[in-house]
Amino acid sequence: MNAAVAGADLHYTVRGRGPVCLVPSTMGVRPFELQTEALTDHFQVVVVDLRGSGRSTGDFADLTFDLIAEDLEAVRRDLGAKQVAVLGHSILGSLAIEYGRRRPKSISHVITAGTPPKGDMAWVAAKAQAFFEADASEERKEILRDNLARVPQGQTGILAQTPMRFFDARFDAAPLLAEAAFNPAVFAHLLGPLTHDWDIAADPDSLRVPIFLAHGRYDYVVPYTVWDGIPETLPDTTFRLFERSGHQPFFEEPEAFAAAALEWRKR
């Protein structure tokens, strides 16, 4: 399906039943379709290619938090939904939070998974490295070293990072990313100009939508410890740690994730 906006056509897919939950993506809809499959028993999951990524047209370099909110609003209107929840994974959680900040009447709930409280990736990486060195088992560290040693020169090696991203250090993530649409320019903008200076705590009084922060105990990409002391300073914010998950608890513990999110939503 497509929603027309100024300067772009936004591609999105709809699956499942229940409350509508928008899931923004910058690498095509298929990876998040696979990772959220189990959630479709509880939510109507709508995966949205942000402009300039996946099958959406337009220029990703134009995107600001304001424009992203306008684009996601166009999808909400196209669905005919009065209100929606929004789920953002990793740094895309910042987009979900900012959408909620800008459109509190349109967003019922903001859910994030593996999202840092700041967009400064150098700061996050330093925290992640220190946590991995202090917390990971020797077996997990050895698996990571062996994986990285086999990565061909010049490649990113994201699949080799399984020990940092999943509870199961030997998990085969290749099928999840087989149909991903990676665009280096998209990620350069996403992790650079768009989010580098973002900080959830910069203006807490403007956060008027309930926020659910989900994290995996074995997430060594964005460790849960980066949130120490922060949720308590934010209005209507709930932090939940999933003990058998890494960077994507909605995929690794889908039933527990859905149950926790639905219980929180009712509360």
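Provided above is the structure to which this section pertains.
Every value quoted in this text rests on a predicted model; they were computed, and no experiment measured them. (Residues numbered from 1 in each chain as written. Predicted model: local features only at pLDDT ≥ 70, side-chain atom pairs only at ≥ 80, totals over all residues. Heavy atoms only, no water.)

The geometry of two aromatic rings is summed up by the distance between their centres and the angle between their planes. Per the counting criterion, the structure on display carries 11 aromatic pairs. With a centroid separation of 5.2 Å and an interplanar angle of 40°, the aromatic rings of Phe212 and Trp264 are classed as tilted. Here Phe212, found in strand β7 (residues 211-216), pairs with Trp264, found in helix α10 (residues 254-266); they are 52 residues apart in sequence, far enough to count as distant. Using a relative accessible area of 2% as the deciding quantity, one classes Phe212 as buried. When its relative accessible area of 6% is taken as the criterion, Trp264 is described as buried. Cluster of aromatic residues (ring-pair linked, three or more members): Phe212, Phe242, Phe250, Phe257 and Trp264. (Phe/Tyr/Trp six-rings, centres within 6.5 Å; stacked < 30°, edge-to-face > 60°. Helix = DSSP H or I, 4+ residues; strand = E, 2+ residues; numbered from the N terminus. Buried < 20%, exposed > 50% of the residue type's maximum accessible area, 1.4 Å probe, protein only.)

Here we take up the sheet that holds strand β5 (residues 84-89). What the eight strands build is an open sheet, ordered β1-β2-β4-β3-β5-β6-β7-β8; its pairing is mixed. A single partner strand is all that each edge strand has here, and the edge strands are β1 (2-5) and β8 (237-242). Across this sheet, the average inter-strand angle for adjacent strands is 25°, counted without regard to direction. Alignment of strand β6 (residues 107-113) against β7, held across four bridges, turns out to be parallel. Looking across to β7, one finds that Thr112 is bridged to Leu213. The sheet strands contacting α10 are β5, β6, β7 and β8, and the helix crosses β6 at an angle near 145°. (Pairing = 2+ DSSP bridges. Axes fitted to C-alpha atoms, helices over the stretch in contact; angles between N-to-C directions. Contact = heavy atoms within 4.5 Å.)

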